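Chain by chain, the residues:
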Amino acid sequence: YGFDVLFDDAPHQIERHIIAGEKAVMVDQPWNTHMTYPPRVHGWLGILDYVEEHFPIRNRNVTKTVLTS
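Heads up: these notes are all about the structure in this document. Only a predicted model underlies this, so the values are computations on that prediction, with no experimental measurement involved. For every chain, the first residue of the written sequence is number 1, and numbering continues from 1 along that sequence. Note on the predicted model: pLDDT of at least 70 is required for a residue's local features to be given, and 80 or more for side-chain atom pairs to be given and counted; whole-chain, interface and lining totals, by contrast, use all residues. Hydrogens are left out, water is left out, and the side-chain values use all remaining heavy atoms of the structure.

Quick notes on the overall build of the protein chain
Here's step 1: Within the protein chain one finds 2 helices and 3 strands.
Here's step 2: The order of α-helices and β-strands along the protein chain, N terminus first, is β-α-β-β-α.
Here's step 3: A simple rule labels every residue: compare its accessible area, found with a 1.4 Å probe on the protein chains alone, to the largest value its type can have, and call it buried under 20%, exposed over 50%, or partly exposed in between. Looking at the 69 residues of the protein chain, the share that counts as buried comes to 28%.
Here's step 4: Residues count as neighbours in contact if any of their non-hydrogen atoms are within 4.5 Å of one another. Summarising the internal contacts of the protein chain: among those between residues at least 6 apart in sequence, 14% fall at separations of at least 24.
Here's step 5: As displayed, the protein chain has an accessible area near 5,100 Å², and 56% of this comes from carbon and sulfur atoms. Per the convention used, a helix needs a DSSP run of H or I reaching at least four residues, while a strand needs a run of E reaching at least two, with both numbered from the N terminus. Each accessible area is a Shrake-Rupley estimate made with a 1.4 Å probe; only the visible protein chains count as cover when residues are assessed.

As C-alpha cells, then:
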C-alpha cells in the first residue's frame, strides 16, 4: 500500500496487514482489548507521539498540532 505503518482500531484490518508483513499499530478502543499485538497507542496524541519517536527525521520540519476532542 505504500505506507510505513498502519494505525487502525479495527482488529480485522490490523490482522490483515500484519499477515501481509506490514507494520501496524492498534489504536486502543474497547472493542479491541482482546488483541495482545501489535504495539498499541491511545488516541490521536498517542499516534503523534509514536510517529515522532519512530520517524524523527521525517518530522523535523513539522509543527506539532495539539488535537482536542
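Here we look at the side chain of D8
Here's step 1: Secondary-structure assignment places D8 in strand β1 (residues 6–8).
Here's step 2: Think of it this way: Lys and Arg go in the positive column, Asp and Glu in the negative one, and His and the chain ends go nowhere. What counts as a salt bridge is simple: a side-chain nitrogen of Lys or Arg found within 4 Å of a carboxyl oxygen of Asp or Glu. Although D8 is buried, it forms no salt bridge, and the closest oppositely charged side chain is R16 at an N-O distance of 7.0 Å.
Here's step 3: Any pair of N or O atoms that falls within 3.5 Å is considered a polar contact. Within protein, one atom must be able to donate a hydrogen and the other to accept it, and sequence-neighbouring residues count only if both atoms are side-chain atoms. A polar contact is formed between the side chain of D8 and the backbone nitrogen of A10, at a distance of 2.9 Å.

Focus on the packing of aromatic side chains
Here's step 1: Between the rings of Phe, Tyr and Trp (Trp by its six-membered ring), a pair exists once the centres lie within 6.5 Å; its type follows the angle of the planes, with under 30 degrees stacked, over 60 edge-to-face, and the other angles tilted. Applying the stated rule across the entire model yields 1 aromatic pair.
Here's step 2: Ring plane angle 85° and centroid distance 5.5 Å describe the contact between F7 and Y50, whose orientation is recorded as edge-to-face. Of the two residues, F7 sits in strand β1 while Y50 sits in helix α2 (residues 43–54), which places them 43 residues apart along the sequence.
Here's step 3: On the basis of relative accessible area, F7 is assigned to the partly exposed category, the value being 22%.
Here's step 4: On the basis of relative accessible area, Y50 is assigned to the buried category, the value being 9%.

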